[in-house]
Amino acid sequence: MNQLISSTGFLILNVLVVAICSVMGLCFLTFPHPRGEAMISYRISLRVLAVAYFVLAFINLTTTIMSVQIIDLFSFPTLVISSLQALLFTTTLLTLLNPERISRIVVIKHLVPVVLGMLIFVGLTISFGDPVLLSFQDVHAHILAPTVFLRLVFFAAYLYQLIQCIRMFRLEERKYQEKIDNYFADPVKLELHWVRYAFYSALSIGVLALCSTFISSLLFTFVFTVIYSLFYLTFAIFYIQYDQFYKLIEPVVSPVQNVENTLQMVGSRKFVWAELRQDIFTGKPYLAQGYTIDDMARQFNIKRAMLSSFINAEEKMNFNAWINSLRIEEAKRLMLVRPDLTMTDIAEEVGFTELSNFSRQFKISTKVTPSVWRKSSSIPSDLP
């Protein structure tokens, strides 16, 4: 009876996965999205994801109908699916961080080894057969079989692919963070944490898929199916909503259309920056919430690239760090001259949208919290 209930539950779950993947695949194809040139890679990724979701639905439907339960260690189909999934999620997520990073050449470079491996495996299977490996003893016994050897090589290649995917993702994530720090004064809501969570969740799903070939357990298969179905559903919901988020970060991630002339006379560089810096200090435009480097560039009639170059070269920090340092100094002044203001009031006055971010940045700058600094400070006698 328990076995029947478990099998029925597994059947219902698989049918639900098929339905979820089919619906989300349709959503990827039909939801309207911005038509900007910078969104070309994103729109292509939506079509690729639609195909991937339809394929996943087909695989689950086929598995359900055929009731496939056999355990085959280092299963080549599982390795291929895991490898393609790693490539799929890495390329689609990197597209969000840097639309120019993923090109046809990059995709082909990672796809060709998988396709060649598949063709070689099919040829070796036709020529020599492919033994079923039910235990590690079977692996040892058939280690010299061409298909088994290729499966082990492909397994090692898959692990290397995971390492390369992690390397690429971390590199582009770091570049993205540098871009928003050089553009936004308060980028705390623009850090795309869900992209990082989705990436490492996808890698974990791939590892679990490999583990599933080593474990002959209906319960493990059931739990694993629940995990990856929830992941695919959550990923699809967040990915489809990216176009709304893109409107906020478009100036950062969109390809630069015109290269700005950033050349300056070496002898006048520091002099020009000294004047501009004084104007910025006098007007204090950086206290406005949502302030960006484009706002500052327009206000002081200077090209964005030139302004960014000045800040990085003369202040030895990016736009975000520099603006935060100025805001923290203003916050200190307000704490001294306006004891009636709460920390929330002060945070808003100096341009922070979140009190938690204000407290974090203040502690980074002063090594203490705003409350501790306020209690330990007093108004100097010469303060106007």
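## A closer look at the confidence of the model for the chain
In step 1: On average, the chain scores 81 in pLDDT, and the residues at 70 or more come to 85%.
In step 2: Across residues 1-5 the pLDDT falls below 50, and counting only partners more than four positions away or on other chains, this stretch makes one contact in the model.

## Let's talk about unusual backbone geometry
In step 1: The backbone phi angle of K284 is positive, close to 50 degrees, even though this residue is not glycine.
In step 2: Note that K284 resides in the loop between α10 (269-283) and α11 (293-299).

## A word on the nonpolar core
In step 1: One finds Y239 and F358 to be the most contacted residues of the largest nonpolar core, which totals 99 residues.
In step 2: Looking at which element gives the most residues to this core, the answer is helix α3 (residues 76-97), with ten residues.
In step 3: Excluding anything up to four places from it in sequence, F358 contacts I328, A331, M335, M343, I346, A347, V350, F352 and P370.
In step 4: Ranked by size, the runner-up nonpolar core spans six residues in total, among them L73, L133, V139 and V148.

## Quick look at the packing of helix α4 (residues 104-128) against helix α6 (residues 146-181)
In step 1: Axis separation between α4 and α6 bottoms out at 10 Å; the angle between their running directions is 170 degrees. Considered as vectors, α4 and α6 are oriented roughly antiparallel to each other. Counted together, H110, P113, V114, G117, I120, F121, L124, T125 and F128 of α4 and P146, T147, L150, R151, F154 and M168 of α6 form the full contact between these two elements.
In step 2: Grouping the constituent residues of the contact of α4 with α6 by class yields ten nonpolar, four polar and one charged.

## A closer look at helix α7 (residues 193-212)
Each α-helix winds once per 3.6 residues, and so residues spaced three or four apart point in a common direction.
In step 1: Taking 1.5 Å of rise per residue, 20 residues should cover 28 Å, and α7 covers 28 Å from first to last C-alpha, within 8% of that figure.
In step 2: Along α7, the positions that sit buried rather than exposed are W194, V195, A198, F199, A202, L203, I205, G206, A209 and L210.

## Structural notes on the side chain of S45
In step 1: Among the secondary structure elements, S45 is positioned in helix α2 (residues 40-66).
In step 2: For S45, a relative accessible area of 5% translates into the label buried.
In step 3: With residues near it in sequence (within four places) discarded, S45 still touches T92 and Y239.

## Some details on the packing of aromatic side chains
In step 1: In the structure shown here, the tally under the stated rule is 27 aromatic pairs.
In step 2: When the centroid spacing of 5.6 Å and the interplanar angle of 25 degrees are considered together, the rings of W273 and F310 count as stacked. Of the two residues, W273 sits in helix α10 while F310 sits in helix α12 (residues 304-314), which places them 37 residues apart along the sequence.
In step 3: On the accessibility criterion, W273 (3% relative accessible area) is buried.

## Concerning the environment of Y228
In step 1: Inspection of the secondary structure assignment puts Y228 in helix α8 (residues 218-240).
In step 2: Note: C-alpha distance between Y228 and G206 (22 residues apart in sequence) is 9.4 Å.
In step 3: Apart from residues lying up to four places away in sequence, Y228 is in contact with V17, L56, N60 and I205.

## Details of the environment of V48
In step 1: If you trace the backbone, V48 turns up in helix α2.
In step 2: For V48, a relative accessible area of 40% corresponds to the partly exposed category.
In step 3: Residues V48 and T92, spaced 44 residues apart in sequence, show a C-alpha to C-alpha distance of 8.6 Å.

## Details of the packing of α3 against α4
In step 1: Across the interface, α3 lies against α4 with an axial gap of 11 Å and an inter-helix angle of 170 degrees. With respect to α4, the element α3 is oriented roughly antiparallel. Across from F76, V80, S83, L84, L87 and T91 in α3, the residues of α4 making contact are V107, H110, L111, V114, G117, M118 and F121.
In step 2: A per-class count over the contact of α3 with α4 returns nine nonpolar, four polar and no charged.

## Quick notes on the pattern of salt bridges
In step 1: Throughout the structure, instances matching the rule amount to ten salt bridges.
In step 2: Here R277 makes a salt bridge to E315, at a shortest N to O gap of 2.6 Å. Remark: E315 occurs in the loop between α12 and α13 (319-337) and R277 occurs in helix α10; sequence separation between them is 38 residues.
In step 3: Here E315 falls in the buried class, since its relative accessible area comes to 14%.
In step 4: Notably, a salt bridge pairs R333 with E330, separated by 3.0 Å at the nearest N-O pair. Here E330 and R333 lie together in helix α13, a separation of three residues that amounts to about one turn.
In step 5: With a relative accessible area of 37%, R333 lands in the partly exposed category.

Cut-off values and rules
- Residues numbered from 1 in each chain as written.
- Predicted model: local features only at pLDDT ≥ 70, side-chain atom pairs only at ≥ 80, totals over all residues.
- Heavy atoms only, no water.
- pLDDT = per-residue confidence, 0-100.
- Contact = heavy atoms within 4.5 Å.
- Helix = DSSP H or I, 4+ residues; strand = E, 2+ residues; numbered from the N terminus.
- Core = buried A, V, L, I, M, F, W, Y, C linked by side-chain atoms within 4.5 Å.
- Buried < 20%, exposed > 50% of the residue type's maximum accessible area, 1.4 Å probe, protein only.
- Axes fitted to C-alpha atoms, helices over the stretch in contact; angles between N-to-C directions.
- Parallel < 35°, antiparallel > 145°, perpendicular 65-115°, else oblique.
- Nonpolar A, V, L, I, M, F, W, Y, C, P; charged D, E, K, R; others polar.
- Expected span 1.5 Å × (residues − 1).
- Phe/Tyr/Trp six-rings, centres within 6.5 Å; stacked < 30°, edge-to-face > 60°.
- Salt bridge = Lys/Arg side-chain N within 4 Å of Asp/Glu carboxyl O.

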